[in-house]
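Here are the chains, one letter per residue:
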Amino acid sequence: MAHSDRAVISTADDAVLAKLSCVEKGYYQDAFISSMAKGVKGANSRSYGSAGGRNSSFSMEPIIRKGTHARVCAVDKAISAFLSLRLEEDTSNANKGRRQVVILGAGRDTTYLRYRFGYQKGFEENQVDWFEVDHPFVIEQKAHAWLCNCAPAGYKYNSEMNVATGVSYRASFSSQGASDANDSTYHLIGHDLRSPPSSLFEKLADPFHGYDRSIPTIFVTECVIMYLPDEASRTLLRYLAGNGAEADQSNQVDSFVTIAMYDPIPNNDRFGQVMLNNLQKRGITGQTHEDGERREQLSLERTPTLSDHLEKLNKSGFDIA
């Protein structure tokens, strides 16, 4: 695995530690974040959950916690608003109340768990099919190691691999004893988002996972688009909107589709430059890869302002941005 790939994947560890620090300081509640963070190394190189390394705050700056809290609240609000929408599709007996949530670049995200076990509202009135997509290395770890730590008392975690599509899983938390009326489905899909999006939708639509283009869907990208090469990000967005050169029957939209995209905006100011410099030091941005090959500019570098982001979404085919 290339150093730059490892550097991007490691941002999932940064995110879970920032969220854990927020929870420890009382910004919001997440009963699963400490379990999801076990083994993650912070700035002081100690693993969370190891001897002497239990305090996860890792000298986290208050501004980081405030920004992380805003990030969590924004994504929660977007998903909750989507799940509460009453749409024309709900008149269909077959799909009445069904919703699909697709988290792109999910990393160590715990949002599904917070909805699944009632810490967030939205599953009560809907049957929700939840899909998480990330690099195969990340999905392998999440399916086999991270989620095992997150099962609440009285529940057992199970996962089944889809041998047809490679690194993808159908996961569940089964109640041991008491009845459990929850009928949501949970899927983990291994896919490099720089790859053609058509291959992602082939995996999603595999009968093992059952993604259905006729069901209202929200795609969530939380600090993810920023790390993609700019052209790859535009190709992905066009595909999600049902447009672009790759448009075919597999991605023609037959229902309500929306995207919740949370990305930093460098804004060509001092703060933005410091952020870009830090990413360059980690080998994520810069003009060349570690092997000397010229690097394509990332979405973060090509869309530095809010107007750039809005224009990008409009050109990708989203009616409202």
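Numbering of residues starts from 1 in every chain and runs along the sequence as written. Residue-level local features of this predicted model are given only where pLDDT is at least 70; pairs of side-chain atoms are given and counted only at 80 or more, and the full residue set underlies all totals for whole chains, interfaces and linings. Where side-chain values are given, they derive from all heavy atoms of the structure, hydrogens and water being excluded.

Some words on the pattern of salt bridges
Pairs can form between side chains of opposite charge whenever their charged atoms are close. Note the threshold: The rule for a salt bridge is simple: a side-chain nitrogen of Lys or Arg has to be within 4 Å of a carboxyl oxygen of Asp or Glu. Runs of H or I in DSSP of at least four residues are treated as helices and runs of E of at least two as strands, each being numbered from the N terminus. For every residue, the accessible area (1.4 Å probe, protein chains only) is compared with the maximum for its type, and the residue is labelled buried under 20%, exposed over 50%, or partly exposed between those bounds.
The full count for this structure, using the stated rule, is 14 salt bridges. Note that glutamate 222 and arginine 71 form a salt bridge whose closest N and O atoms lie 2.5 Å from each other. Residue glutamate 222 is found in strand β6 (residues 217-222), and its partner arginine 71 is found in helix α3 (residues 62-84); the two are separated by 151 residues along the sequence. Across this residue pair, the class does not change: glutamate 222 and arginine 71 are buried. Bridged by salt links that share partners, the residues Lys19, Arg71, Asp109 and Glu222 form one connected network.

A word on the sheet that holds strand β3 (residues 155-161)
This is how the line gets drawn: Should DSSP find at least two bridges between two strands, the strands are taken to pair. Here, axes are lines fitted to C-alpha atoms. For helices the fit covers the stretch in contact, and angles between N-to-C directions go from 0 to 180 degrees.
Pairing is mixed across the open sheet formed by seven strands, whose spatial order is β3-β4-β5-β2-β1-β6-β7. The two strands at the open ends of the sheet, each matched to only one other strand, are β3 and β7 (257-262). The sheet shows a mean angle of 20° between the axes of neighbouring strands, direction not considered. In this structure, strand β1 (residues 98-104) lies alongside β6, joined through five bridges in parallel fashion. Paired with valine 101 across the strands is isoleucine 218, a residue of β6.

Thoughts on the side chain of serine 168
Spelled out, the test is: We define a polar contact as two N or O atoms separated by no more than 3.5 Å, with the added condition that, inside protein, one atom must be a possible hydrogen donor and the other a possible acceptor, whereas residues neighbouring each other in sequence contribute only through side-chain atom pairs. Contacts between residues were defined by any pair of non-hydrogen atoms, one from each residue, lying within 4.5 Å.
Locating serine 168 in the fold gives a position in strand β4 (residues 168-175). Classification of serine 168 by relative accessible area gives buried; the value is 0%. Here the side chain of serine 168 touches histidine 209 through a polar contact of 3.1 Å, side chain to side chain. If near-sequence neighbours (up to four positions away) are discounted, serine 168 is found in contact with Glu160, Met161, Asn162, Leu188, Ile189, Gly190 and His209.

Looking at the packing of aromatic side chains
Each aromatic ring pair is characterised by the separation of its centres together with the angle its planes make. Just so we agree on the cut-off: Centre distance within 6.5 Å is the pairing criterion for rings of Phe, Tyr and Trp, where only the six-membered ring of Trp is used; planes under 30 degrees apart are then read as stacked, over 60 as edge-to-face, and the remainder as tilted. Sitting over a ring, as applied to charges here, requires NZ of Lys or CZ of Arg to be within 6 Å of the ring centre and within 35 degrees of the ring normal.
What the rule picks out here adds up to 16 aromatic pairs. On the basis of an interplanar angle of 50° and a centroid distance of 5.1 Å, the ring pair of phenylalanine 201 and tyrosine 239 is categorised as tilted. Placement of phenylalanine 201 in helix α6 (residues 197-205) and of tyrosine 239 in helix α7 (residues 230-240) is noted, with a sequence separation of 38 residues between them. Across the pair, exposure class does not vary: phenylalanine 201 and tyrosine 239 are buried alike. An aromatic cluster of at least three residues, connected via ring pairs, comprises Phe32, Phe117, Tyr119, Tyr155, Tyr157 and Phe173. Looking at arginine 108, its charged tip hangs above the ring of tryptophan 146, at a distance of 3.8 Å from the centre. Seen from the ring of phenylalanine 117, arginine 116 lies directly overhead, with NZ or CZ sitting 4.7 Å from the centre.

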